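Listed here are the chains, written in short residue letters.
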Amino acid sequence: MQPGNRNDDCTCNCKNVNDFSGLDLILSDYLHVPGSLIIILQKAQNLYGYLSRDVIAHIAKTTGITQAKIYGVATFYTQFRLKPIGKHLILLCQGTACHVSGSKLIEDVVCKELGISDGETTADGLFTLNNVACLGCCSLAPVMMVQSGGEDETYGNLNKESVKEILKSIRHQGNV
Amino acid sequence: MLNEYMIINGARIPFKDEKNILDVVRNAGIDLPTFCYYSELSVYGACRMCIVEDSRGEILTACSTPPKTGMAIKTNTPKLQKHRKIILKLLLASHCRECTTCSKSGTCRLQDLANRFGIKEIRFDKSEKAFKDEYPIDESSPSIIRNPNKCIHCGDCVRMCSEKQNVGAIDFAQRGYELKVCPAFDMPIAETECVNCGQCAAVCPTGAIVIKCHISQVWEAVHDSSKRVIAQVAPAVRFALGEEFHIPSGENVMPLIAAAMRKIGFDEIYDTSFGADLTVIEETGEFADKLSSGAKLPLFTSCCPAWIKYVENRHPDIMPQISTCKSPQQMFGTVIKEYHKSASNTDGRETIVVSIMPCTAKKGEALREEFKRDGKQDVDLVITTQELSNMFYEAGINFDRLEPEALDMPFGIFSGAGLIFGVTGGVTEAVIRKITEDKTHNGINNVQFCGARGLEGVKEFEFPLGERQLKIAVVSGLKNADDLILKIKSGEIHYDFIEVMACPNGCINGAGQPHGKTFERESRAKGIYAADKQSRIRHSDANPMLAPLYEGVLVGRTHELLHVHYQSTS
Ligand code: SF4
Ligand code: SF4
Ligand code: FES
Ligand code: FES
C-alpha cells in the first residue's frame, strides 16, 4: 500500500511535495547507475527540503528498491530528514569538543526558548532543531550553524545569553 | 576433487563441495551455534556465534569462511567459550526478559543458547530496555506479531522477506543503539506489502516475530455448547504435526489428529483435501475453457493467499489470469456452511468452521471481505499446525499413544490428488490427473513422472493434451514467481499453466508447521506421496462425495459458491 496523498491538508511550506517531475529527472539520471540511492536521496532532499513518505514511495516504485530499505538508509545517515523543516534549520553541534564545552546546556536553552526538542519544528514553521556531530570548527566550541534558505551562518563560543540573543534576532529578521 | 579434508578438533574430516566451514563442522557431528545462518539465504556473518579458532589462534566465523584442505580448526577452546558467552550476555543485556510469557519460550534459540552456555547472570545490566517495552508491539497483521524488543538483529527475517519472497516489507532502520528491524516509516506491518506468509516468523530465532495465536478463540468455541465446531485439516498438517510428539516427520498422523481433536471437543473433523478435490474440478474446467476459447494464458493457480496478495501488490495486471477458484480452505468453508444451512443437517447450533493449516496467510485469507457472506466469515477461525499441537499439549493429550480414529463423513473422503496439494507441484499433478485420458491405475501412476514432483523452487515441463503440448511451470517462493512473471511479460517465455506457492517447497514448509530443516521437508514430501499412493481414490473425479454436492447445494451455484473475484481487480 502506498502512503496516501496528503497534499490537501499539508501545512508545511513545501508546495511541490506531490509534484514528482523534478524527482523523475533526478531518477532518470541515476536509474541505471548501481549504488546511487544515497545520491538520489540527497538530490531529492535538496529539491523538497525533506524526504516525505510520498517521495520515498515514488523512489521505491521507480527504482524497485523497497520502501523499507530506503527508510533504512534514510534513517541511518543523519543528513537525511523525514519531516519538513522550518525556515531556519539550527544545526547544533554535539561533537566531542562542543560537548565538553557545554553544548547540552545550549541545547536546553534552545529547546526551552523554542518549545521544541531535537528533530522537531516550531509550530510557526520558523525553526527546526537538529543535533549534529562535529561541524568542523571545534576551536569555536560550542558551535551552531543556522541554515536559512541557501545561506549558512555559523555562531561560535555560545553561552546561554548569546544563544537567546541570536534566536531573537533571527526571529526579528524573519518578521521585517 | 580428491580427498579434501579439514582437521576439526584434531580429527580428520573429509569435505566435498561444502560452501563454508560451518557445514563441514556440522557434518562432523558438532552442533556449532548460529543465529544468522540459513543455508538457503545469503551469508550475513553478523551474530558471531559460529566462531572457530584456527591453528594460529585466529578467530573465524565458520558460516562465512570457505573450507581449505589441510586447514585445522578448533570449535571449543577457552577463548571461543569466553567470546560466545560475552556475545550472548551482550545480546541478553538489551533483551526483554519475559521468557515465561513469551510464545517462543521453549523454542527460542537465544534462550536455548543461554542455557547451553550456562549464562546465569548478566553483568551488563545497565540497560533499562531489558525491563520495559520500549518499542510498541505491532499486532496489526492477521498472521504475525512483531515485538522489536526481543530482536537480536540477526537479519534472518529481512533476508527471508527480500531474498526468498521478494517482498522486502521489513528492513534495518536507524543505527547504533537505536537499530531496529521494522517496516518503512515504522508503520504497522499490515499497511505494508507484507503478504502474511509468515516466513519471517519461521526463521526468527527469538520471539521478535511470532505467529499470531488464535487458540483461545478456538477453545471458546469448542467449550460453547451452542456451537457446532467443524474442523477442516489441511493436507500438509498430518505429515509434520507428529514431529512435535517425537514421531518421525513424514508419518501420516491424521488418524491420531482425528482422535485427539475429538478428545478436545471438536464436533466434526473433515479434510481440506476434499476442498482440494473441488478445486481440481473447478480449476481444470476453467483451464479447459481458457484453452478452447483462446483466452490469454498462462492460467495461474489461486490456492495460495500470500501469492494472491503479492499479485495484488506487484502485478495487478495479471490478475485476470489468476484462476477464479477459491482456495481449498475457502471452498470447503463455503460448502460446509451451505450444507449445514439446510434444516436436515442442523440441530439449531451455530456452525463454526475452524481450519487447521500449515499456513499463516490463511489467517488473513479467512478475514477477506470476499469470503464473508451475510457479514459472516465462511471460515471462522484458522489455527496452524503448531497451534493445534499446543492445544493437544495444553489438554494433556498423549498424542503418540492414542488409538487411531477415522474422519467424519461425508467430507472425510478425499482423493490422493487432493492430498498432494500440500507439496509444491501437487496442484499441477492433480490437475494433470484430471485431464489425462488414461485414468487406469497405471495411467494415474505415470503422471508422477511428468515433472511436477521435486522440491526445487522452479520446475518446467511439457505435457501432451490431444494435439497440444501444454507448457507448464511450478514455482514456490515468491522471488521465483516474480522472476518468471518478468520473463513472461518480456515475451521471453510462454506457459499455459503455472502453479505458485509462496512458501519455499509449498505448504509442507508453511510457516505454521513445526520449523523443519531441509531433511524434514524432504521426508514430509515423501510422506505425502506415499499416502497418495496408498489411497484408494487417486484422482479427484473419483471422489464419490462430489457428485451429491454438485447435485445438491451446488446446483446452479458453482460459480457463486466456489469462485471469487478479488475486489482489487474491479
Ligand atoms: S510475513 Fe512474509 S511478507 Fe510479511 S514480513 Fe514476514 S516474510 Fe515478509
Ligand atoms: S526480528 Fe527476529 S529474525 Fe528478524 S532480525 Fe530480529 S531476531 Fe533476527
Ligand atoms: S565538536 Fe563541535 S565543532 Fe567540532
Ligand atoms: S552464524 Fe556465523 S556469524 Fe551468525
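The rules behind each value
Position numbers for residues start from 1 in each chain and track the written sequence from start to end. The order in which chains are written sets their letters, starting at A; the order in which ligands are written sets their numbers, starting at 1. Only residues with pLDDT of at least 70 get local features here, since the model is predicted, and only at 80 or more are side-chain atom pairs given and counted; chain-wide, interface and lining totals rely on the full set of residues. For side-chain calculations, the full set of non-hydrogen atoms in the structure is used, while hydrogens and water are omitted. Source of the domain bounds: an automatic or database domain assignment. We call two residues in contact whenever any of their non-hydrogen atoms come within 4.5 Å of each other. As used here, buried area is the combined drop in accessible area, with a 1.4 Å probe, of two parts when they are placed together. Each salt bridge in this description consists of a side-chain nitrogen of Lys or Arg and a carboxyl oxygen of Asp or Glu lying within 4 Å of one another. Classification used: nonpolar for Ala, Val, Leu, Ile, Met, Phe, Trp, Tyr, Cys and Pro, charged for Asp, Glu, Lys and Arg, polar for all others including Gly. Any residue with an atom within 4 Å of a point lines the site, the site being either a cavity, points on a 1 Å grid over the protein atoms alone where a 1.4 Å probe fits but cannot get out, or a pocket, an open set with protein on both sides within 12 Å along at least 5 of 7 lines. Grid points are joined across faces, edges and corners, and a volume is the space filled by probe spheres set on the points. Strands here are runs of E lasting at least two residues and helices are runs of H or I lasting at least four, both read from the DSSP assignment and numbered beginning at the N terminus. Polar contact criterion, stated in full: a pair of N or O atoms within 3.5 Å, where within protein one must be able to donate a hydrogen and the other to accept it, and residues adjacent in sequence count only if both atoms are side-chain atoms. Between buried and exposed lies partly exposed: a residue is buried under 20% and exposed over 50% of the maximum accessible area for its type, with that area taken using a 1.4 Å probe on protein chains only. We call a residue near a molecule or strand as soon as one heavy atom of that residue lies within 4 Å of the molecule or strand. Scored from 0 to 100, pLDDT records how confident the predictor is in each individual residue. Disulfides are defined as pairs of cysteine sulfur atoms found within 2.5 Å of each other. What makes a nonpolar core is a set of buried Ala, Val, Leu, Ile, Met, Phe, Trp, Tyr and Cys residues whose side-chain atoms join them at distances within 4.5 Å. Strands pair, by our definition, only if DSSP identifies at least two bridges between them. Each axis is a line fitted through C-alpha atoms, taken for helices only over the stretch in contact, and angles between the N-to-C directions span 0 to 180 degrees. Helix span is expected to be 1.5 Å times the residue number reduced by one. Think of it this way: a Phe, Tyr or Trp ring, Trp meaning its six-membered ring, pairs with another when their centres are within 6.5 Å, and the plane angle makes it stacked under 30 degrees, edge-to-face over 60, tilted otherwise. Here, a charge over a ring means that NZ of Lys or CZ of Arg falls within 6 Å of the ring centre while also lying within 35 degrees of the ring normal.

(A) Just the domain arrangement of chain B, in detail. Residues and elements named next belong to chain B. Here chain B is described as being made up of domain 1 (5-76), domain 2 (88-211) and domain 3 (216-562). Taken together, the contacts link 13 residues of domain 1 with 20 residues of domain 2. Interface of domain 1 and domain 2: buried area, both sides summed, is about 1300 Å²; carbon and sulfur atoms make up 59% of it. Per-residue buried area on domain 1 facing domain 2 is highest for Phe-35, Tyr-38 and Leu-41; these three make up 49% of the total on that side. Seen at the junction of domain 1 and domain 2, the total is one salt bridge. For Asp-31, the salt bridge is made with Arg-116, and the minimal N-O distance between the two is 3.5 Å. Grouping the constituent residues of the side of domain 1 that touches domain 2 by class yields nine nonpolar, two polar and two charged.

(B) Quick look at empty space enclosed by the protein. All names here are of chain B. If you walk through the whole model with that rule in mind, you get three cavities of 30 Å³ or more. Reported here for the largest cavity is a volume of approximately 280 Å³. Broken down by secondary-structure element, the contributors of at least two residues to the lining of the largest cavity are α9 (305-314), α10 (328-339) and α11 (361-367). For the lining of the largest cavity, the per-class residue count stands at 18 nonpolar, four polar and one charged. Counted as a void, the second largest cavity has a volume near 120 Å³.

(C) Quick look at the interface of chain A and chain B. Contact with chain A, which involves 13 residues of that partner, is made by 18 residues of chain B. Our count for the chain A to chain B interface comes out at one salt bridge. With a closest N to O distance of 2.9 Å, A:Lys69 and B:Asp171 form a salt bridge. Where chain A meets chain B, there are three residue pairs in polar contact (both at pLDDT 80 or more). Those elements that provide at least two residues to the side of chain A that touches chain B are α3 (53-63) and α4 (67-76) of chain A. Per-element accounting of the side of chain A that touches chain B gives the leading share, seven residues, to α4(A). Classifying every residue of the side of chain A that touches chain B by side-chain character gives six nonpolar, five polar and two charged.

(D) Fine view of the environment of B:Lys363. All names here are of chain B. One can find Lys-363 in helix α11. Accessibility expressed as a relative area gives 4% for Lys-363, which makes it buried. Placed 139 residues apart in sequence, Lys-363 and Asp-224 show a C-alpha to C-alpha distance of 22 Å. When residues no more than four places from it in sequence are discounted, the contact partners of Lys-363 are Pro-142, Ser-143, Ile-211, Lys-212, Cys-213, His-214, Val-382, Ile-383, Thr-384 and Glu-387. Within the structure, the side chain of Lys-363 is placed 2.7 Å from the side chain of His-214, a separation counted as a polar contact. A distance of 3.1 Å separates a polar atom in the side chain of Lys-363 from the backbone oxygen of Val-382.

(E) View of unusual backbone geometry. Of note, the bond from A:Ala141 into A:Pro142 is cis; its omega dihedral lies within 30 degrees of zero at -10°. Positionally, A:Pro142 belongs in the loop between β2 (127-132) and β3 (144-148). The residue after B:Leu297, namely B:Pro298, is reached through a cis peptide bond having omega 10°. You can see B:Pro298 is positioned in the loop between α8 (272-293) and β12 (299-300). The phi torsion at B:Asn166 lies on the positive side, around 55°, for a residue other than glycine. Relative to the elements of secondary structure, B:Asn166 occurs in the loop between α4 (156-164) and β7 (171-173). Classification of B:Asn166 by relative accessible area gives partly exposed; the value is 21%.

(F) Geometry of the site of ligand 2. Close to ligand 2 lie 13 residues, the nearest being B:Cys151, B:Cys154, B:Gly155, B:Cys157 and B:Cys204. Residue composition of the shell around ligand 2, by class: nine nonpolar, three polar and one charged.

(G) Layout of the confidence of the model for chain B. On average, residues of chain B score 92 in pLDDT, and 96% of them reach the 70 mark or higher. Of the two predicted TM-score estimates for the complex, the pTM is 0.88 and the ipTM is 0.84.

(H) Looking closely at the state of the cysteines. Inspection of the entire model under this criterion finds zero disulfides over all chains. Note on A:Cys137: no disulfide assigned, nearest cysteine sulfur contributed by A:Cys138 at a separation of 7.0 Å.

(I) Broad picture of the side chain of B:Ser249. Relative to the helices and strands, B:Ser249 resides in the loop between β10 (227-233) and α7 (254-263). When neighbours within four sequence positions are excluded, B:Ser249 is seen to be in contact with B:Phe239, B:Glu243, B:Glu520, B:Ser523 and B:Arg524.

(J) Broad picture of the nonpolar core. Core analysis: the biggest nonpolar cluster contains 123 residues, and B:Met261, B:Phe266, B:Trp307, B:Phe392 and B:Phe399 have the highest contact counts within it. Of the residues forming this core, the biggest block, seven residues, is contributed by α7(B). Of the domains in this structure, domain 2 (88-211) and domain 3 (216-562) of chain B are the two that each give at least three residues to this core. In contact with B:Phe266, not counting residues within four places along its chain, are B:Val218, B:Val222, B:Val229, B:Ala231, B:Met261 and B:Val354. Core analysis: the second largest hydrophobic core is formed by 25 residues, A:Leu37, A:Ile40, A:Leu41 and A:Tyr48 among them.

(K) Representation of the sheet that holds strand β4 (residues 151-155) of chain A within the structure. Residue and element names in this part refer to chain A. With mixed pairing, the four strands of this open sheet are ordered in space as β2-β1-β3-β4. Among the strands making up the open sheet, the edge pair consists of β2 and β4. Taken over all neighbouring pairs, the strand axes of this sheet differ in orientation by 20° on average, direction set aside. Looking at chain direction, strand β1 (residues 88-93) and β2 are connected through six bridges and run parallel. Bridging across to β2, Leu-91 finds its partner in Asn-130.

(L) Broad picture of the sheet that holds strand β17 (residues 458-465) of chain B. All names here are of chain B. Strand order in the open sheet formed by four strands is β12-β19-β18-β17, with mixed pairing between adjacent strands. Two strands close off the open sheet at either side, each with one partner strand: β12 and β17. Of the pairings in the sheet, the one linking β12 to strand β19 (residues 497-501) comprises two bridges and is parallel in character. Its bridge partner being in β19, Leu-299 is matched across the sheet by Phe-497.

(M) Up close: helix α2 (residues 78-93) of chain B. Residues and elements named next belong to chain B. If you check α2, its first and last C-alpha atoms are 22 Å apart, about what 16 residues at 1.5 Å a residue would give, namely 22 Å. Burial in α2 covers these residues: Leu-80, Arg-84, Leu-88, Lys-89, Leu-91, Leu-92 and Ala-93. Check the buried side of α2 and you find it contacts β3 (51-54), β4 (59-61), β5 (72-74) and α3 (109-116).

(N) Highlighting the packing of aromatic side chains. Counting across every chain of the model gives 16 aromatic pairs over all chains. Here the aromatic rings of A:Phe76 and A:Tyr77 are separated by 5.0 Å at their centres, their planes lie at 75°, and the arrangement is edge-to-face. Plain terms: the ring middles of B:Phe392 and B:Phe399 are 5.5 Å apart, the flat faces sit at 15° to each other, and that makes the pair stacked. The residues B:Phe392 and B:Phe399 share a single accessibility class, namely buried. What links up through ring pairs into an aromatic cluster is the set B:Tyr270, B:Phe274, B:Phe332, B:Tyr339 and B:Phe411. Lying across the ring of A:Phe76, B:Arg175 places its NZ or CZ 5.0 Å from the centre.

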